[in-house]
Amino acid sequence: MLAWLSDCFWQERLWFPEGLGWADLQDRDGRVYAKAADLWVTIPLALCFLVVRQVFERTVAVPLASLLGVREKVRVTATHNPTLESYFCEVTKHPTQSAVESLSKKAGVSVNQARRWFRRRRNQDRPSLLKKFREARYPSISIIFFQKPWFYDLTEVWKGFPTLTLLPSQYWYYMLELSFYVSLLFSVATDVKRKDFKEQIVHHVATIVLISFSWCVNYIRAGTLIMLVHDASDYLLESAKMFNYAGWRTTCNCMFILFAAVFFVTRLIIFPLRILYCTWVYPVTMYPPFFGYYFFNGLLLLLQCLHIFWALLILRMVIKFLPGNDVVADERSDKEETDESEEEEEGAKLENGSVQNGHPALYSGHCKTE
């Protein structure tokens, strides 16, 4: 059954133009081509990325955070209350007004105390500033192909397809990039969850499928250009986030402006007008359309929809640079809830080791989610 499904899925007429097939991608005369079996190496590489990430976060990110001045503030801990805790865990973290009033009677607290308890309990589940700083990391290393003719002349991308010889630099760029996204998918359960969590999952899955597919059918040149366009702005974003968590507002704002400019140029101009044009128009000038052509471009259109979604979020943050706005907040993050001066007073007491409501003062890192 599995063999039959595999044969159906990998039919040559689905993935290649008429008259071409897998036999054309057999190594010969010293020419090496991409093979699906090569992708298995990404699993151990992805695990290596996870190990390297853990080592980096503990040995580099934490000392770097201290050096840049990342400081945790005191986060007031919700007092132990079985009734409210049960409702929080089993029903909802955001009770309605009527539910708060009912719960306050069952828990033996006032309505205001119940509201405050839910605010503090929600804050406890939010990641600390240091955790977010540690997760602000640089993506896979990009290998630049400026010397290749198809980097400048996009008609060269499809010249000779599908018999395009695999370069060692292309092999490692693909393997490292794919391994990086696989590692992101592995770690998504423990990473900070932001408002675009679902979109991030869709992006990671689409990217993994797109990279794997382009490798298997030897769309290597087009895939390389697509990855380079996507990598161009990522470094700037990670840098802006790190400076933001460190409180370096001016540096953060400058980095974010640069990131936004590069993002808009690469994702909203170069990608649709150059890359998509290259993958939609040039192939049909050489071969009649086939299923793989539509499948590949369909995934690219899905990525472009995500680009537009994130561009809107970025635009909302750019608006904060207008007069009267001097802080750039991450629109994907949840905002920390506070009790204003009351929280600050209790936080000061906690820092001094005070005891509240008969319990030792327990605290964890408090941060503004930006």
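Provided above is the structure to which this section pertains.
Residues numbered from 1 in each chain as written. Predicted model: local features only at pLDDT ≥ 70, side-chain atom pairs only at ≥ 80, totals over all residues. Heavy atoms only, no water.

> Would you take a moment to explain the overall build of the protein for this structure?
If you tally the helices and strands in the protein, you get 15 helices and 4 strands. Across the 370 residues of the protein, 44% fall into the buried class. Restricting to contacts in the protein with at least 6 residues of sequence separation, those with at least 24 account for 80%. Counting only carbon and sulfur atoms, one obtains 63% of the accessible surface of the protein, whose full area is about 19300 Å². (Helix = DSSP H or I, 4+ residues; strand = E, 2+ residues; numbered from the N terminus. Buried < 20%, exposed > 50% of the residue type's maximum accessible area, 1.4 Å probe, protein only. Contact = heavy atoms within 4.5 Å. Areas by Shrake-Rupley, 256 points an atom, 1.4 Å probe, with all protein chains shown as cover.)

> Teacher, can you tell me more about a nonpolar patch on the surface here?
Judged by side-chain polarity, Val 265, Leu 268, Ile 269, Ile 270, Leu 273, Ile 308, Leu 312, Leu 315 and Ile 319 come together as a nonpolar surface patch covering roughly 760 Å² of accessible area. Where the nonpolar patch is concerned, the elements lending two or more residues are helix H13 (249-280) and helix H14 (291-318). Of the residues forming the nonpolar patch, the biggest block, 5 residues, is contributed by H13. One can find Ile 308 in helix H14. The class for Ile 308 is partly exposed, based on a relative accessible area of 43%. (Patch = residues over 30% accessible without salt bridge, like charges linked within 9 Å, V, L, I, M, F, W, Y side chains within 5 Å. Salt bridge = Lys/Arg side-chain N within 4 Å of Asp/Glu carboxyl O.)

> Hey, could you run me through the environment of Trp 158 in this one?
Within the secondary structure, Trp 158 sits in the loop between helix H8 (149-152) and helix H9 (168-187). Relative accessible area serves as the criterion here: at 5%, Trp 158 is assigned to the buried category. Sequence separation of Trp 158 and Thr 279 is 121 residues, and the distance between their C-alpha atoms is 8.8 Å. Here the side chain of Trp 158 touches Cys 278 through a polar contact of 3.0 Å, landing on its backbone oxygen. (Polar contact = N/O pair within 3.5 Å; in protein donor to acceptor, adjacent residues only side chain to side chain.)

> Explanation requested: the nonpolar core in the structure shown.
The tendency in soluble globular proteins is for nonpolar side chains to be buried as a group. By size, the foremost hydrophobic cluster in this structure holds 43 residues, and its most contacted members are Val 157, Trp 158, Tyr 219, Phe 271, Phe 296, Leu 300 and Ile 314. Of the residues forming this core, the biggest block, 11 residues, is contributed by H14. Excluding its chain neighbours within four sequence positions, the residues that come into contact with Tyr 219 are Trp 15, Trp 158, Phe 161, Tyr 174, Phe 213, Ser 214, Phe 290, Gly 292, Tyr 293 and Phe 296. If you look at the next biggest cluster of nonpolar residues, it comprises 19 residues, including Leu 39, Leu 178, Ile 211 and Trp 215. (Core = buried A, V, L, I, M, F, W, Y, C linked by side-chain atoms within 4.5 Å.)

> How should the packing of helix H4 (residues 82-90) against helix H5 (residues 97-107) be read in this particular structure?
The axes of two packed helices give the description: the angle between them and the distance between them. Between H4 and H5, the least distance of the axes is 9 Å, while the angle of their chain directions is 145°. Contacts between H4 and H5 involve Thr 83, Leu 84 and Tyr 87 on the former and, on the latter, Ala 99, Leu 103, Lys 106 and Ala 107. Residue classes in the contact of H4 with H5 are distributed as 5 nonpolar, 1 polar and 1 charged. (Axes fitted to C-alpha atoms, helices over the stretch in contact; angles between N-to-C directions. Nonpolar A, V, L, I, M, F, W, Y, C, P; charged D, E, K, R; others polar.)

> Would you explain the packing of aromatic side chains in this entry?
In this description, an aromatic ring pair is defined by two values, namely the gap between the centres and the angle between the planes. Tallied over the full model, the rule gives 26 aromatic pairs. Ring centres 6.3 Å apart and planes at 35° place the aromatic pair Phe 88 and Phe 118 in the tilted group. With a gap of 30 residues between them, Phe 88 in helix H4 and Phe 118 in helix H6 (residues 111-125) connect regions that are remote in the sequence. Both rings, one in Phe 213 and one in Phe 295, keep their centres 5.0 Å apart while their planes meet at 75°; by these two values the pair is edge-to-face. On the criterion of sequence distance, the pair formed by Phe 213 in helix H10 (residues 197-216) and Phe 295 in helix H14 is long-range, its members being 82 residues apart. In this structure Phe 213 comes out as buried when scored by relative accessible area, which is 8%. Here the aromatic residues Trp 15, Trp 158, Phe 213, Tyr 219, Phe 291, Phe 295 and Phe 296 are joined through ring pairs into a cluster of three or more. (Phe/Tyr/Trp six-rings, centres within 6.5 Å; stacked < 30°, edge-to-face > 60°.)

> I keep staring at H10 and nothing clicks. Help me out?
Owing to its 3.6 residues per turn, the α-helix aligns residues three or four sequence positions apart on the same side. Compared with the 28 Å implied by 1.5 Å per residue over 20 residues, the 29 Å span of H10 between its first and last C-alpha is a close match. Taken together, the buried positions of H10 are occupied by His 203, His 204, Ala 206, Thr 207, Ile 208, Leu 210, Ile 211, Ser 212, Phe 213, Ser 214, Trp 215 and Cys 216. Of the surrounding secondary structure, the elements contacted by the buried residues of H10 are helix H2 (12-15), H9, helix H11 (220-231) and H14. Where H10 terminates, the next one or two residues include Asn 218, which has phi positive at roughly 65°. (Expected span 1.5 Å × (residues − 1).)

> In this structure, what is going on with the pattern of salt bridges? I would like to understand it.
Oppositely charged side chains may form a pair once their charged atoms are brought near each other. Tallying each qualifying case throughout the model produces 4 salt bridges. With a shortest N-O distance of 3.9 Å, Glu 156 and Lys 159 are connected by a salt bridge. You can call Lys 159 exposed: its relative accessible area is 52%.

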